Amino acid sequence: MRRVSAPRTARARVRAQLTTEIADVARTHLATDGAAALSLRAVARELGMASSAVYRYFPSRDDLLTTLIVDAYDALGDAAERAEAAVARDDLRGRLRAACAAARDWALTHPHEYSLLYGSPVPGYAAPETTIAPAGRVGLLVTGIVADGLASGALTPLPGGADVIEPRALADVGLTDDPTRAALVVAAWSGLFGAIGFELHGHTHNVVSDHAAWFRGVVDTHADALGLP
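The structure presented is a predicted model; accordingly, all values stated were derived computationally and were not measured. (Residues numbered from 1 in each chain as written. Predicted model: local features only at pLDDT ≥ 70, side-chain atom pairs only at ≥ 80, totals over all residues. Heavy atoms only, no water.)

As for the UniProt feature "DNA-binding region" (unreviewed entry) in the chain
Step number 1: Within this structure's numbering, the places UniProt gives as "DNA-binding region" (unreviewed entry) are residues 39-58.
Step number 2: Counting secondary structure, residues 39-58 comes out at 60% helix and 0% strand; the distance between its end C-alpha atoms is 11 Å. (UniProt positions renumbered as here; feature names shortened; annotations may be inferred. Helix = DSSP H or I, 4+ residues; strand = E, 2+ residues; numbered from the N terminus.)

Following this line, the structure appears as structure tokens:
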């Protein structure tokens, strides 16, 4: 869930509580109706509120969707970051394994929220810029592992100079001197979520017999490509 400071006034506390309740009910509707069918009126009926009252908290369905998306990205990021932080800083591969395993565990526990993030786009919804930073947390976590390896000398820049990543993005994540490895980070980031999505949506069922072991292998394949010891 989104981390916010405690409201100071009784009115603010009531507003925060109702905002949370509305979002919680909306999450149950994701499971039963899907994101495309999410309705503020239906959420209001379940809470016993007038629809006009709900609109004071969320002016539109898209505002509610944005809250659910940001909260889900943050919950996913929190899970990955907690797991990664528990591993010794010099164990680069262990840090990647922990972060990726936590992301998979979160997705399997929250499949409908994961599908909201990485499933089919919701018709008519355009994600605002407020979703960008939360969406990048796991990718930045993987990038940070690589950057730590370069800073410590455990990794050395790869040859080739792959010219496929935006220069600004390279500067933002501190990989300007290793654009080839930055491209591999993007491949790992997209590949890992692709593997989770394939499992979650049934694409590897009747193909993979042990999804946990298969996913560990996927992670190690990317770790090998990144050169993590």
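Overview of the side chain of Arg 93
Step number 1: Summarising the element assignment, Arg 93 is placed in helix H5 (residues 92-109).
Step number 2: A distance of 2.6 Å separates the side chain of Arg 93 from the side chain of Asp 224, its partner in a polar contact.
Step number 3: The contact partners of Arg 93, leaving out residues within four places of it in the chain, are Asp 220, Ala 223, Asp 224, Leu 228 and Pro 229. (Polar contact = N/O pair within 3.5 Å; in protein donor to acceptor, adjacent residues only side chain to side chain. Contact = heavy atoms within 4.5 Å.)

Here we look at the domain arrangement of the chain
It is common to give the size of an interface as the accessible area that goes away when the parts come together.
Step number 1: What the domain assignment lists for the chain is domain 1 (1-59) and domain 2 (61-226).
Step number 2: Spacing between the C-alpha centres of domain 1 and domain 2 amounts to 29 Å.
Step number 3: Of the residues lining the interface, 15 residues belong to domain 1; the matching set on domain 2 comes to 17 residues.
Step number 4: Between domain 1 and domain 2, the buried area comes to about 1600 Å², and carbon and sulfur atoms account for 65% of it.
Step number 5: At the junction of domain 1 and domain 2, the tally comes to one residue pair in polar contact (both at pLDDT 80 or more).
Step number 6: When the residues that make up the side of domain 1 that touches domain 2 are grouped by side-chain class, the tally is twelve nonpolar, no polar and three charged. (Domains from an automatic or database assignment. Buried area = accessible area lost by both parts, 1.4 Å probe. Nonpolar A, V, L, I, M, F, W, Y, C, P; charged D, E, K, R; others polar.)

Description of the packing of aromatic side chains
Step number 1: Applying the stated criterion across every chain, the model contains four aromatic pairs.
Step number 2: Aromatic pair Tyr 114 and Phe 193: ring centres 6.3 Å apart, planes at 40 degrees, arrangement tilted. In this pair, Tyr 114 sits in helix H6 (residues 111-118) while Phe 193 sits in helix H10 (residues 179-200), placing the two residues 79 residues apart along the sequence.
Step number 3: For Phe 193, a relative accessible area of 9% translates into the label buried. (Phe/Tyr/Trp six-rings, centres within 6.5 Å; stacked < 30°, edge-to-face > 60°. Buried < 20%, exposed > 50% of the residue type's maximum accessible area, 1.4 Å probe, protein only.)

Section: the UniProt feature "domain: HTH tetR-type" (unreviewed entry) in the chain
Step number 1: When the UniProt feature table is mapped to this numbering, "domain: HTH tetR-type" (unreviewed entry) covers residues 16-76.
Step number 2: Helix makes up 75% of residues 16-76 and strand makes up 0%, while its end C-alpha atoms are separated by 22 Å.

As for the pattern of salt bridges
Where charged atoms from two side chains of opposite charge come close, those side chains can pair.
Step number 1: With the rule as written, the count across this model stands at 15 salt bridges.
Step number 2: The partner of Asp 74 in a salt bridge is Arg 137, with the nearest N and O atoms 2.8 Å apart. Note that Asp 74 is positioned in helix H4 (residues 61-85) and Arg 137 in helix H8 (residues 137-152), a separation of 63 residues in sequence. In this pair, the class of Asp 74 matches that of Arg 137, namely buried. (Salt bridge = Lys/Arg side-chain N within 4 Å of Asp/Glu carboxyl O.)

Regarding the packing of helix H1 (residues 10-33) against helix H2 (residues 40-47)
Step number 1: Where H1 contacts H2, the axes come no closer than 10 Å and their chain directions differ by 115 degrees. When the interaxial angle is binned, H1 and H2 end up roughly perpendicular. The element H1 and its partner H2 pack so that their crossing is right-handed. Here H1 contributes Glu 21, Ile 22, Val 25, Ala 26, Thr 28 and His 29 to the contact with H2, which in turn contributes Ala 42, Val 43, Glu 46 and Leu 47.
Step number 2: Its residues placed into classes, the contact of H1 with H2 shows six nonpolar, two polar and two charged. (Axes fitted to C-alpha atoms, helices over the stretch in contact; angles between N-to-C directions. Parallel < 35°, antiparallel > 145°, perpendicular 65-115°, else oblique. Left-handed = near helix turned anticlockwise from the far one by under 90°.)

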